[in-house]
Amino acid sequence: DLTNMAAARMALWGLVRSGTRRMTTFAERYVDTLKIANPQTEAGIPIYRVMDPSGKIISPGGLPVEVSDSTAVEWYKTMVTLSQMDSLLYDSQRMGKISFYMTNSGEEATHVGSASALRPVDTVYAQYREAGVLLYRGFKIADFMNQCFSNALDLGKGRQMPVHYGTSKLNFHTVSSPLATQIPQAAGAAYVIKMQRDDKCVICYFGDGAASEGDTHAGFNFSATLECPVIFFCRNNGYAISTPTSDQYRGDGIASRAIGYGMHYVRVDGNDVFAVHAATAAARKLAVEQNRPVLIEAMTYRMGHHSTSDDAGNYRPKEEPQARAQLSPIKRLYNYLVNKGVWDETKDKEFVESVIAEVRREYAAAQKIPKPPMGEMFEDVFETKPKHLVEQEAAMRAHIAKYPDAYDTSSHKQ
């Protein structure tokens, strides 16, 4: 056995030397002193920041990436629009108008800052709290409303629960409820891009809780070993539903894990839209030009409940989000624009009022649109509907016809 093992080892080294295979190499620095390293004594990864909470640019050289005043105003408008839409749809669920909702409050800069650094051809795999990325890409308020009401104009044809958005037109894969499934999928999609030699990349969003899933290891390892052009964007908002990060891990956050996989990484202030934009732009350049995965950890805070099925008051004091509200990414960008003299209270009031009116208008319109036709549930899986689905649809219609009082189909498009 030892002879066979030695022969196999020599054969492997022969492949490495010939260039047929590559063996992972490490920094071969040998020491004669035994030391068991303690990560608690090591300095943590710094957080990259461009703008402080007051809206002041702290970087000596100014903005690291050129951003015009008009562009910054548009970013602000997108963030405010998302906030107003969140407010109405959250209240709508509480009134029983829709079944479920998840707000994005506190994390708007991670959406707009990253989305603005991408190109339309770049593919997005989202988790579920990235509505601002879609909004920035051109998803209309009406599109959000139609999806949440599952009406006949919903692009998903009413088959998904609210906030599970998706559109091939904007290269945004449909949100999936199971946690972290998008991470290995993103690695695979990026590998295809690499094989096709396309000048684009994949970005995959996930939360700190999803980073504890096994799928994350698979996605990270595949993307690193296969050298895939993918940006892994972690929104570290402090909680995995009710579990604080202090109970999730003992290491230095999520970014530190990139070292073990051999990935590039950066930790950024997730409430600083300029820092997020600069980090994502740099990560995209590296991913596309060098075919390398990059991990971005955006340190932010989830201001609201995890979802409408959650009550954050059960696991965090109410004073905590109140204190963190001072670090709001929207407030920070507002301060920057006011300091620059390109925005003021009057303009802000007028814009907010116009957005509220638009959101309410689209909300009212979406409610009036009928539900998708009943037969839609049997479509879009097979090119030609197979016999068993034909039989199931016929059985469903016969059952409804037999018990019309039990099934009100008047709200469905005929």
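Residues numbered from 1 in each chain as written. Predicted model: local features only at pLDDT ≥ 70, side-chain atom pairs only at ≥ 80, totals over all residues. Heavy atoms only, no water.

1. Here's the deal with the pattern of salt bridges
Selection rule: In the sections that follow, a salt bridge refers to a side-chain nitrogen of Lys or Arg positioned within 4 Å of a carboxyl oxygen of Asp or Glu. Counting from the N terminus, the helices are DSSP H or I runs at least four residues long and the strands are E runs at least two residues long. Classification of residues uses two cut-offs on accessible area relative to the type maximum, computed with a 1.4 Å probe and protein chains only: under 20% is buried, over 50% is exposed, and between them is partly exposed.
Applying the stated criterion to the full structure yields 24 salt bridges. Residue aspartate 380 is joined to arginine 159 by a salt bridge in which the shortest nitrogen-to-oxygen separation is 3.1 Å. Of this pair, aspartate 380 sits in the loop between helix 13 (345-368) and helix 14 (387-402) while arginine 159 is found in the loop between helix 5 (141-149) and strand 2 (172-173), placing the two residues 221 residues apart along the sequence. Its relative accessible area of 52% is what places aspartate 380 among the exposed residues. Arginine 292 is the salt-bridge partner of glutamate 227, the closest N and O atoms lying 3.6 Å from each other. Placement of glutamate 227 in the loop between helix 7 (214-225) and strand 4 (230-236) and of arginine 292 in the loop between helix 10 (273-290) and strand 8 (294-299) is noted, with a sequence separation of 65 residues between them. One continuous salt-bridge network, built from bridges that share partners, spans Glu107, Arg129, Glu130 and Arg235.

2. Examining the side chain of aspartate 348
So the rule is basically this: Two N or O atoms form a polar contact when they lie within 3.5 Å of each other; inside protein one atom must be a possible hydrogen donor and the other a possible acceptor, and for residues adjacent in sequence the pair counts only when both atoms belong to side chains. We call two residues in contact when some of their heavy atoms are within 4.5 Å.
Along the chain, aspartate 348 falls in helix 13. A distance of 2.9 Å separates the side chain of aspartate 348 from the side chain of tryptophan 343, its partner in a polar contact. Not counting chain neighbours up to four residues away, the residues in contact with aspartate 348 comprise Tyr76, Tyr334 and Trp343.

3. A word on the nonpolar core
Threshold: Residues enter a nonpolar core if they are buried and are Ala, Val, Leu, Ile, Met, Phe, Trp, Tyr or Cys, with the set joined through side-chain atoms within 4.5 Å.
Counting residues in hydrophobic clusters, the biggest one holds 68 residues, and the most contacted among them are Met145, Tyr165, Phe274 and Leu333. With ten residues, the single largest contributor to this core is helix 2 (residues 69-94).

4. Focus: the packing of helix 5 against helix 13
For any two helices packed against each other, the geometry comes down to the angle between their axes and how far apart the axes lie. Quick note on the threshold: For helices, the fitted axis covers only the stretch in contact; all axes are lines through C-alpha atoms, and the angles between them, taken along N-to-C directions, range from 0 to 180 degrees. Any angle between 65 and 115 degrees counts as roughly perpendicular, while under 35 counts as roughly parallel, over 145 as roughly antiparallel, and the rest as oblique. Crossing handedness is defined as follows: a turn of the near helix away from the far one that is anticlockwise and smaller than a right angle gives a left-handed crossing, while the clockwise case is right-handed.
Packing of helix 5 against helix 13 leaves a shortest axis separation of 9 Å and a crossing angle of 40°. Classified by the angle their axes make, helix 5 and helix 13 are oblique. Regarding helix 5 and helix 13, the two cross each other, and that crossing is right-handed. Judged by residue contacts, Ile141, Ala142, Met145, Asn146 and Phe149 of helix 5 engage Glu358, Val359, Glu362, Tyr363, Ala366 and Gln367 from helix 13.

5. Topic: the environment of glycine 106
Mapping glycine 106 onto the fold places it in the loop between helix 2 and helix 3 (108-115). Sequence-distant contacts of glycine 106, that is, excluding residues within four places in its chain, are made with Asn271, Thr300, Tyr301, Met303 and Pro329.

6. Comments concerning the sheet that holds strand 8
How we decide: Between any two strands, pairing holds if DSSP finds at least two bridges.
Read from one edge to the other, the open sheet built from six strands follows the order 2-1-3-4-8-7, with strand pairing classed as parallel. Each edge of the sheet is formed by a strand with only one pairing partner; in this case those strands are strand 2 and strand 7 (264-269). Inspection of the sheet shows strand 7 paired to strand 8 by six bridges, in the parallel sense. Looking at strand 8, one finds that valine 268 is bridged to alanine 298. Against the sheet, helix 10 engages strand 3 (202-207), strand 4, strand 7 and strand 8, with an angle of about 170° to strand 7.

7. With respect to the confidence of the model for the chain
This is how the line gets drawn: How sure the predictor is of each residue is captured by pLDDT, a score from 0 to 100.
Scored by pLDDT, the chain has a mean of 93; 93% of the residues are at 70 or more. Contacts from residues 1-20, a stretch scored under 50 in pLDDT, to residues over four places away or in other chains number six contacts.

8. Side note on the packing of helix 6 (residues 182-196) against helix 7
Where we set the bar: Here the nonpolar group is Ala, Val, Leu, Ile, Met, Phe, Trp, Tyr, Cys and Pro; Asp, Glu, Lys and Arg are the charged ones; every other residue, Gly included, is treated as polar.
Between helix 6 and helix 7, whose axes approach to 7 Å, the crossing angle comes to 15°. Put simply, helix 6 runs roughly parallel to helix 7. Seen from above, helix 6 lies across helix 7 with left-handed handedness. Facing Ile183, Pro184 and Ala187 of helix 6, the residues of helix 7 in contact are Asp215, Thr216, Gly219, Phe220, Phe222 and Ser223. Here the contact of helix 6 with helix 7 is built from residues that sort into five nonpolar, three polar and one charged.

9. Things to note about helix 3
Most of helix 3 is tucked away, with eight of its eight residues classed as buried. Of the positions making up helix 3, those classed as buried are Glu108, Ala109, Thr110, His111, Val112, Gly113, Ser114 and Ala115.

10. Overview of helix 7
To keep it simple, the criterion reads: One fewer than the residue count of a helix, multiplied by 1.5 Å, yields its expected span. Comment: arc refers to directions from the helix axis out to C-beta atoms.
The terminal C-alpha atoms of helix 7 lie 17 Å apart, and with twelve residues this matches the ideal 16 Å at 1.5 Å per residue to within 8%. Buried residues of helix 7: Thr216, Gly219, Phe220, Ser223 and Ala224, and no others. Buried residues of helix 7 fall within an arc of 120° about the axis and therefore sit on the same side. Facing away from the buried side of helix 7, by more than 90 degrees, are the exposed residues Gly214, Phe222 and Thr225. Close packing links the buried residues of helix 7 with helix 6, strand 3, strand 4, helix 9 (257-261) and strand 8.

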